[in-house]
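Descriptive structure summary
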Amino acid sequence: MHEQLKQSDGAGDEGEEDPNAMFGDLKKKKKKKREIPLDLDGEEGSGTSTPTTAPAATEDLDFSDLKKKKKSSKKKAAFDLDAFEKELQAENRNEDGDEEEAGGGQFLLNVDESELGENVFAHSEAPSGLDAGNEAWLKSDRDYTYPELLQRFYASLHASNPALLTSTGKRYVIVPPSLAREGNKKTIFTNITDICRRMHRQPEHVIQFLFSEMGTTGSVDGQGRLVIKGRFQQKQLENVLRRYIVEYVTCKTCKSFDTLLTKENRIFFMTCESCGSRRSVNAIKTGFQAQVGKRSKTKTT
Amino acid sequence: MSVQNLQTFDPFADEGDVLGSTKDVGSQQNYIHIRIQQRNGRKTLTTLQGLPKEYDAKKLLKAFKKEFACNGTLVEDEEMGQVIQLQGDQRLKISNFLTEEGIPKTTIKVHGF
Ligand SMILES: [Zn+2]
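Residues numbered from 1 in each chain as written. Chains lettered and ligands numbered in written order. Predicted model: local features only at pLDDT ≥ 70, side-chain atom pairs only at ≥ 80, totals over all residues. Heavy atoms only, no water.

**Digging into the overall build of chain A**
Check the secondary structure of chain A and you find 14 helices and seven strands. Looking at the 301 residues of chain A, the share that counts as buried comes to 35%. In chain A, once contacts between residues fewer than 6 apart in sequence are set aside, the share between residues at least 24 apart is 60%. In the structure as shown, chain A presents an accessible area of about 18,600 Å², 53% of it carried by carbon and sulfur atoms. (Helix = DSSP H or I, 4+ residues; strand = E, 2+ residues; numbered from the N terminus. Buried < 20%, exposed > 50% of the residue type's maximum accessible area, 1.4 Å probe, protein only. Contact = heavy atoms within 4.5 Å. Areas by Shrake-Rupley, 256 points an atom, 1.4 Å probe, with all protein chains shown as cover.)

Quick look at the structure:
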C-alpha cells in the first residue's frame, strides 16, 4: 500500500512533468544548462521541482563530459537544438558502450535478472532531501501539483518516522562486494565478513558456496579477508552472491531476508524470522573441478 | 545440425533404476551442471557434468566442438562420471544447445560468475 502509493506518485510525476523523463533526464539536464541563458523563466520550475536522486547520479558520472560538451557547443554560433540533441544521443550511446566495456567482463554471463532475485546491492535511495520551506512551488507563481504534495508528504513522513523506511521498502541492502587485486592471479574479497554479517550467515558457508560456484579455491587471511584464486570482477562476484542470497537467504514464502540457517542431522534448514516458514536448503556440493595448471602438481597430491 | 544420438532416444525405454543409481535423492545430482573455471590469464574452461546416461557424451562432445568451434575432451571422473570439458566460456551455448535438443531448462544449472 505504502509502496504502491509511492510508485504511482513517481509515475504521476513523470507523466505530468516530462513524458520521457525516465531516459530523458540526462538529456534534459544538459539541455537545461544551456537553455538557462536563453529563457530564464521558461520551465525552470519543473526542472527543479523533482530533485530525484537518479539524475544527480548520472550527472555526476559524466560531469567532465558535460563541461566538454558545453565548451564545444559554445563554438557553434547557431543554437541548433536538433543537431545538438542528435549529438547528445550519439554521445549517450557512446557512453553506454564504454560503460559496458568497462563493467562487463569477458566472462560475464548474460544471466537473466529474474534468476538473481531482487538486486540487494542496489544502493538505497537516499531520502530525497525535500526540506520544509524548500519546495519548488514556493519560488514560482504556480500552484503545487498533486505528485509534489505527495512527495512532500512522504518526505516529512519518513523524516519523522525513520522506522518506516527500514521496515518497508528497500530495507535490506547489502553493501556491494569490494575487491582488490593481489598480484596478477588472486583477488581479495575485502568485505566478506561484513556481507556475511548482514546476511546472518557463517562466512564458511558463504565461502564454500563461492568457491564451488566459481570453480576455484582460496583462503582467508589474517584480517578476515577472502583471498580467491583467479581474477574476478566485482560484478561477477555480485552475481554469485545474489545467487547465494536467492538460494540460502531469502525466504521463499514471504521474500524476507531475515532468516536463520541451522543444521540438523546433516541437513541445512532455513527458518524465516518474519513468517516462521521453514524449508530445507540444498547442501553445497562442489562439482567437478577440472585440473588446471600444471599436471605434475595435481598428480603428486 | 543434427545429433543422431539425441534423435533416437526412446522416452519409454527402460532406463533402469533411476533412483538407485543416484545415491541421494533430491540432491543436485539430477541436474546437468554447466560450470566455468578460470585458467591462466583470461582463459577459461567450461565443464558439463551430470549428463543423463541416455546421451552419448562422445557424440555430444563432437557436436559441441564442431558447433562452438572449440576444442574439448571427455574426462572420466570417479565421482561425477563422464564430464565434458570445453575450452573457453561455452556455458550459454551449451545451455542453448541442450534446450534446443529438448532437455528441459529446469534441469540445467548454469554456474559460475
Ligand atoms: Zn518468511
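Right, picking up where we left off after that structure.
**Section: the coordination of the zinc ion**
Angles at a metal have ideal values that depend on geometry: 109.5 degrees with four tetrahedral donors, 90 or 180 degrees with six octahedral donors. All names here are of chain A. Protein coordination at the zinc ion: the donors are Cys251 (SG), Cys254 (SG), Cys272 (SG) and Cys275 (SG), at 2.2 to 2.3 Å from the metal. Taken together, the four donor atoms surrounding the zinc ion define angles of 106 to 112° at the centre, an arrangement classified as tetrahedral. In the primary structure, the donors to the zinc ion are separated according to the pattern C-x2-C-x17-C-x2-C. Of the two residues, Cys251 sits in the loop between helix H13 (234-248) and strand S5 (259-264) while Cys275 sits in the loop between strand S6 (267-272) and strand S7 (278-281), which places them 24 residues apart along the sequence. Since its relative accessible area comes to 38%, Cys275 is described here as partly exposed. (Donors = N, O, S within 2.8 Å, 3.2 Å for Na, K, Ca; no water. Tetrahedral: all angles 85-135°; square planar, octahedral: opposite > 155°, others 65-115°.)

**Description of the confidence of the model for chain B**
Residues and elements named next belong to chain B. Overall, the predicted model of chain B reaches an average pLDDT of 80, with 74% of residues at or above 70. Note that residues 17-28 has pLDDT below 50 and, in this model, twelve contacts with residues that lie over four places away or in other chains. For this predicted complex, the interface confidence reaches an ipTM of 0.72, while the overall pTM sits at 0.57. (pLDDT = per-residue confidence, 0-100.)

**Description of the sheet that holds strand S2 (residues 44-49) of chain B**
Residue and element names in this part refer to chain B. Judged by pairing direction, the sheet is mixed, and its five strands sit side by side in the order S3-S4-S2-S1-S5 without closing on themselves. Every other strand in the sheet has two partners, leaving strand S3 (72-77) and strand S5 (108-110) as the edge strands with one partner each. This sheet shows a mean twist of 20° between the axes of neighbouring strands, independent of strand direction. Pairing analysis gives six bridges linking strand S1 (residues 32-38) to S2, with the strands arranged antiparallel. (Pairing = 2+ DSSP bridges. Axes fitted to C-alpha atoms, helices over the stretch in contact; angles between N-to-C directions.)

**Side note on the interface of chain B and chain A**
Taken residue by residue, the interface counts 28 residues in chain B and 25 residues in chain A. Of the roughly 2,300 Å² buried at the junction of chain B and chain A (both faces included), carbon and sulfur atoms supply 53%. In this assembly, chain B and chain A are joined by zero salt bridges. Taken together, chain B and chain A are joined by four residue pairs in polar contact (both at pLDDT 80 or more). (Buried area = accessible area lost by both parts, 1.4 Å probe. Salt bridge = Lys/Arg side-chain N within 4 Å of Asp/Glu carboxyl O. Polar contact = N/O pair within 3.5 Å; in protein donor to acceptor, adjacent residues only side chain to side chain.)

**Looking at the sheet that holds strand S2 (residues 186-189) of chain A**
One key point about sheets: their strands pair by backbone hydrogen bonds, in either a parallel or an antiparallel sense. Residue and element names in this part refer to chain A. If you walk across this open sheet you meet the four strands as S1-S2-S4-S3, and the pairing is antiparallel. Every other strand in the sheet has two partners, leaving strand S1 (179-182) and strand S3 (218-220) as the edge strands with one partner each. Ignoring which end each strand starts from, the neighbouring axes of this sheet average 20° apart. Sheet analysis places S3 next to strand S4 (residues 226-229), joined by three bridges and oriented antiparallel. Note that in S4 the partner of Gly218 across the bridge is Ile228.

**Here's the deal with the environment of B:Ile103**
Residue and element names in this part refer to chain B. Residue position: Ile103 is located in the loop between helix H4 (91-100) and S5. For Ile103, a relative accessible area of 6% gives the class buried. Sequence spacing of Ile103 and Ile32 is 71 residues, and the spatial spacing of their C-alpha atoms is 9.6 Å. Once residues lying within four places of it in the same chain are set aside, the contact partners of Ile103 are Ile32, Tyr55, Leu98 and Ile108.

**A closer look at the pairing of S1(A)**
Residue and element names in this part refer to chain A. Relative to S2, S1 runs antiparallel, the two being bridged by four bridges. Paired with Glu182 across the strands is Lys186, a residue of S2. Between S1 and S2, which pair antiparallel in sequence order, lie three residues; one of them, Gly183, sits at a positive phi of approximately 60°.

**Some details on helix H11 (residues 192-199) of chain A**
All names here are of chain A. Restricting attention to buried positions, one finds in H11 the residues Ile192, Asp194, Ile195, Cys196 and Met199. On its buried face, H11 is in contact with S2, helix H12 (203-214), S4 and H13. Positive backbone phi, approximately 55°, marks His200, located one or two places after H11.

**Points about the pairing of S1(B)**
Residues and elements named next belong to chain B. Most of S1 sits out of view: seven of its seven residues are buried. Residues Ile32, Ile34, Ile36 and Gln38 of S1 are buried on one face, and the alternating residues His33, Arg35 and Gln37, pointing to the opposite face, are buried as well. Here S1 pairs with S5 via three bridges, running parallel. Bridged to Ile32 within S5 is Ile108. Linking S1 back to S2 in an antiparallel pair, the connection comprises five residues, with Gly41 at a positive phi of about 65°.

**Here's the deal with the side chain of A:Thr259**
Residues and elements named next belong to chain A. Topologically, Thr259 is positioned in strand S5. Given a relative accessible area of 0%, Thr259 falls into the buried group. A polar atom in the side chain of Thr259 sits 2.6 Å from the backbone oxygen of Val249. Aside from chain neighbours lying at most four places away, what touches Thr259 is His200, Arg201, Val249, Cys251, Met270, Thr271, Cys272 and Glu273.

**A word on the nonpolar core**
Residues and elements named next belong to chain A. Core analysis: the biggest nonpolar cluster contains 30 residues, and Phe189, Met199, Leu210, Met214, Leu226 and Ile228 have the highest contact counts within it. Broken down by secondary-structure element, the contributors of at least two residues to this core are H11, H12, S4 and H13. If sequence neighbours within four positions are ignored, Leu210 has contacts with Phe189, Ile192, Leu226, Val240 and Leu241. (Core = buried A, V, L, I, M, F, W, Y, C linked by side-chain atoms within 4.5 Å.)

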